[in-house]
Amino acid sequence: MRKRLLSLLLSASMAVMMLAGCGAGKTATDSGSAATEGSIEEAVASVAAETPTGDPVKIGLLFSSTGSTSISEGVMLAATTLAIDEINAAGGVAGHPIEYIHEDIQSDSAVSAEKAKKLILEDECQILFGAMSSQYRQAVLPVVEEYDAFLFYSTIYEGQEQSPNIVYSASIPNQIVPVVGSYMVEDMKRSKVFVIGTDYVYAHLLNEAFITYLEENGVEIVGEEYTAFGQTDFSSLMTKIKASGADCILSQVIGDSVVAMHKEYSNQGFKSSEVPIVSSALGSNFIAAMGAENAAGNYYFCGVNTLKDEVIEEFTDKIYAKYGDMYAPDSSTYGYYVAVYLWAGAMEKAYAADDLSLDGLREQFFNASYGDVIMDPETNHAYAYAKIQYVEEDGSLTTVKQSESAEKPDPFAY
Amino acid sequence: MLETLISLFINGLNSAALLILTCLGLVVIIGLMDVFNMATGEFIMLGAYITYISSTVLGLPFLVSLVLSFVVTVLVGIVFERLLLSPLRKKRGDGLLLTYGLSIVLQQVITIIYGPEMRYVSVPFKGNIEIGNLLISYYNLFTIFVAIVTFAVTFIIFFKTKLGMQIRATTQNRAMTECLGIKTPMLDTFTFAFGCGITGICGCILAPVRTVHPLMGASYLTDALMSVVVGGVNNILGTVVASLGISESLVMFGGFFNEVNVKILVFITIIVILRFKPDGLFAKKGR
């Protein structure tokens, strides 16, 4: 009996592990009905300063509070609600207070689709924010298209998509690859690159774009490897990289694997002066978690919505002021904060034009702009920037190259 | 080529050491109590957080963190076993659910206190032994050393002491052992707490080289479960051999082929093994 029980358990958890290779790494966490946070009251309470008078406008937030990606999503949710609270405190959207309902998508694409449907049909939210990873977005896409809703998606992703119901406000490969690739070739003078990533669509497609660019510029790709979600043992991979004779590692490894990977890199005696890592996941939260000694000398690249450091700083200060050191916000988290303002601005115009029809909203959303974020109505994506930063000895980031101007989005460039 | 092979072999030993530390706690508990401790991953996490608090926040030496990780997880184990697990001792399935519940509670408590962010623990013994191009870090050697010592201590307690003899007797026939006047509930508490303590040590050893966050435990549970089942469920030595075999094959083959494919291949091999030897490779006969 016991053995049968154990065998069952083993097969179940092995199936989960295998599935993790193609989907999100699911953990043993399960959350129940507590998913919807009663923050509406809080939000409405904070409006007191300039009470909006109109009917509330409802929006749904799709972020994981449990599961493997909840580590990165907590801060995104915090950034989103910060913007909502600010807008409410300033009088709401054209006098309408924003009511938000948060659903825990449990780091699971199927749950993302389910919760999106619930928010649209039961809670009557036409606008959704979040679904921060490609697999979640792709699960939510058919739902928003079927029920005439919109998703504001503001994570850097791989492109190759253009839905009339998704407002893509973060960077895509054609805005990132030339900036980062040219720095690797011209400034770092790398000639043998080993390409690694977590085994999912974003890493594969972004790496493909990079490989195309690097090979065109005479760089030899000495290896390409993908690791499972949540992998923490990087010893084989690092040995493999060492044996390949690479002089640079281009990494699209994401999530908690990043810290384990950098620690193993140091453990195996790699030196960032000889074989630096150029990584899409080396923001301040990762540097804090792995320690400056394991990050220094490597490079972090990201797509950003603004090149103005003072704007990002103002935003991160607000997060620290509200949440203490609970979260480590950075320029990529800013994307979620600014997305809410982008939507609110467009929504005000829609109210002013008195056209809340699907086409009316579409017209406003895809022509919206806020700060340095300007939507491109041809592609439904935003004009955006990229920058590559160097990790200093003390763990701080110094920008070494950035886009000269906002690049027009082209989701199908690679 | 030879260097790569040796390097991979040593990395494999290091992974095996970590896996053995994860499994040992699990296997001693299953052996005696028939409880599969689903909170094993969370005890690892607890050990890692205790290390974070003592070595990063309070700046205590790493060896103190190692002792603290053991002591605190043992205490948590005692409290949990006495208050919740022992009343359910006769219902086997309930122990599984209960420890699963405990795993969620532990995750959420740590999340509430420390937030979801990853935490930093520095590597205590920096530096490497260099032999030609071959590099072996001191910390890897330390990990292997701790695993060997922990295994030896466990082995001695269970096979060379009177207490161990009583525990093994209970494993074989609980009712008869009770008839002979041995207090089996006390043995349960000891074994569960000791198992939790080993797992705490494992968390402490993992903290400097892996990622410390509230959900870190889950990824270690599957591999541990695999070794325990392949090794023969309540066979301490079998688990060690299985851990070595699984880790070495994952790391060595992973050094030459795609790691995800290697993992799938190893899983399939295990399924085939269990098909023909459902009690594991080293199942004890006569039970």
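Asker: How should the overall build of chain A be read in this particular structure?
Answerer: Along chain A, the regular secondary structure elements total 14 helices and 15 strands. Contacts in chain A between residues at least 24 apart in sequence constitute 74% of all its contacts with a sequence separation of at least 6.

Asker: So what exactly am I meant to see when it comes to the sheet that holds strand β10 (residues 299-304) of chain A here?
Answerer: Sheets are built from strands that pair by backbone hydrogen bonding, the pairs being arranged parallel or antiparallel. Residue and element names in this part refer to chain A. The mixed open sheet is built from seven strands, whose spatial order is β7-β6-β8-β9-β10-β14-β15. Two strands bound the open sheet, and with one partner strand each, they are β7 (220-227) and β15 (397-402). Geometrically, the sheet is characterised by an average inter-axis angle of 25° between neighbouring strands, direction not taken into account. Here strand β8 (residues 248-252) pairs with strand β9 (residues 277-279) via three bridges, running parallel. Within the sheet, the bridge partner assigned to Ser-251 lies in β9 and is Ser-279. Sheet contacts for helix α6 (residues 173-187): β8, β9, β10, β14 (385-391) and β15; angle to β14, the most-contacted strand, approximately 40°.

Asker: When you look at the interface of chain A and chain B in this model, what are you seeing that I'm missing?
Answerer: How big an interface is tends to be stated in terms of the accessible area lost upon association of its parts. Across the boundary between the two partners, chain A contributes 47 residues, which contact 49 residues of chain B. With ten residues, the top contributor of residues to the side of chain A that touches chain B is helix α1 (residues 2-20) of chain A. Here the side of chain A that touches chain B is built from residues that sort into 20 nonpolar, 19 polar and eight charged.

Asker: Please explain the pairing of strand β4 (residues 150-153) of chain A as it appears in this structure.
Answerer: In summary, the side chains of a regular strand alternate between the two faces of the sheet. Residue and element names in this part refer to chain A. Of the two faces of β4, the one carrying Phe-150 and Phe-152 and the one carrying Leu-151 and Tyr-153 are both buried. Alignment of strand β3 (residues 127-130) against β4, held across three bridges, turns out to be parallel. By the bridge assignment, Ile-127 is partnered in β4 with Phe-150. Handedness of the crossover is the feature at issue here: the chain leaves β3, passes through helix α5 (residues 134-146), returns alongside β4, and the resulting connection is right-handed.

Asker: Sorry if this is basic, but what is going on with the nonpolar core here?
Answerer: General note: in soluble globular proteins, nonpolar side chains tend to be found buried as a group. Core analysis: the largest hydrophobic core is formed by 217 residues, its most contacted members being Leu-128, Val-140, Phe-150 and Val-180 of chain A together with Ile-20, Leu-21 and Ala-48 of chain B. Top element by residues in this core is helix α1 (residues 2-33) of chain B. It accounts for 18 residues. Among the domains, domain 1 (32-171 + 311-383) and domain 2 (173-304 + 386-402) of chain A are the pair contributing at least three residues each to this core. Discounting chain neighbours no more than four positions away, the residues touching Phe-150 of chain A are Gln-126, Ile-127, Leu-128, Val-144, Asn-165, Val-167, Leu-361 and Phe-365 of chain A.

What counts, and at which threshold
Residues numbered from 1 in each chain as written. Chains lettered and ligands numbered in written order. Predicted model: local features only at pLDDT ≥ 70, side-chain atom pairs only at ≥ 80, totals over all residues. Helix = DSSP H or I, 4+ residues; strand = E, 2+ residues; numbered from the N terminus. Contact = placed C-beta atoms within 7 Å. Pairing = 2+ DSSP bridges. Axes fitted to C-alpha atoms, helices over the stretch in contact; angles between N-to-C directions. Nonpolar A, V, L, I, M, F, W, Y, C, P; charged D, E, K, R; others polar. Buried ≥ 20, exposed ≤ 12 C-beta atoms within 10 Å, placed from the backbone. Right-handed = clockwise from strand over helix to strand, strands pointing away. Core = buried A, V, L, I, M, F, W, Y, C linked by C-beta atoms within 7 Å. Domains from an automatic or database assignment.

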